[in-house]
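# A closer look at the structure
Chain by chain, the residues:
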Amino acid sequence: LTDGDTDALIHLRENVKMNRVKERIDDITCHQLLWGSETSEKFLEKNSRGQKFDILLASDIIYVKSIIAPLWETVQTLLTKKNGIFVMAFAKRRVPVSIEFVLQSAEEAGFTHELVSEHHEGIWVY
């Protein structure tokens, strides 16, 4: 599990610690991940011995437009090129970023997208 925010990471680690099964105590780890290609490369080397991921899951990550380009750089760096899947849940809220902008930016970064689920509360999963 990752987060870029130091305070959120503290809470994330506490939550994992409180909810993990004792027999599998080391199965879930939490690391700080700052978005961008350079920081993502360092993250890979430090935390997965350079091994890319087949699946990346993300939820509640879009708040401002300025993070969109670093997000796609991170996904390109961490995701396996062949058959890699990035699943992102996007909730409509009062932020200056639309899902249309996010998806257009994804296409410009070389990604394709597919709507998997849409809920009447304004939550989309791609």
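Treat the numbers as computed from the prediction; the structure is a model and nothing was measured.

The rules we used
- Residues numbered from 1 in each chain as written.
- Predicted model: local features only at pLDDT ≥ 70, side-chain atom pairs only at ≥ 80, totals over all residues.
- Heavy atoms only, no water.
- Helix = DSSP H or I, 4+ residues; strand = E, 2+ residues; numbered from the N terminus.
- Rg over C-alpha atoms; globule rule 2.2 N^0.38 Å.
- Buried < 20%, exposed > 50% of the residue type's maximum accessible area, 1.4 Å probe, protein only.
- Contact = heavy atoms within 4.5 Å.
- 1 Å grid on protein atoms, 1.4 Å probe; cavity = no way out; pocket = protein on both sides within 12 Å on 5 of 7 lines; lining within 4 Å.
- Points joined across faces, edges and corners; volume = space filled by probe spheres on them.
- Nonpolar A, V, L, I, M, F, W, Y, C, P; charged D, E, K, R; others polar.
- Arc of directions from axis to C-beta.

Summing up its helical and strand segments, the protein chain has four helices and six strands in all. Ordered by position in the sequence, the α and β elements of the protein chain form the string β-α-β-α-β-α-β-α-β-β. Over its C-alpha trace the protein chain gives a radius of gyration of 15 Å, about what one expects of a compact globule, namely 14 Å for 126 residues. Judged by the C-alpha coordinates and their principal axes, the protein chain covers about 40 × 30 × 25 Å. Counting the 126 residues in the protein chain, one finds 29% classified as buried. A sequence separation of at least 24 residues applies to 64% of the contacts in the protein chain between residues at least 6 apart.

Below, the discussion takes up empty space enclosed by the protein. Considering all chains together, one arrives at one cavity of 30 Å³ or more under this definition. Looking at the largest cavity, its volume works out to about 50 Å³. Of the residues contributing to the lining of the largest cavity, the split by class is six nonpolar, no polar and two charged.

What follows is about the environment of Leu115. Residue placement: Leu115 occurs in the loop between α4 (99-108) and β5 (117-119). Looking at Leu115, the relative accessible area reads 40%, which means it is partly exposed. When the C-alpha atoms of Leu115 and Val125 are compared, they prove to be 6.1 Å apart, with ten residues separating the residues in sequence.

This paragraph deals with α4. Along α4, the residues that are buried comprise Ile99, Val102, Leu103, Ser105 and Ala106. The buried residues of α4 occupy one face: seen down the axis, they fall within an arc of 160 degrees. Of the exposed residues in α4, those oriented more than 90 degrees away from the buried face are Glu100 and Glu108. Buried residues in α4 make contact with α3 (68-78) and β4 (85-91). Trailing α4 by a residue or two, Gly110 shows a phi angle of about 100 degrees, which is positive.

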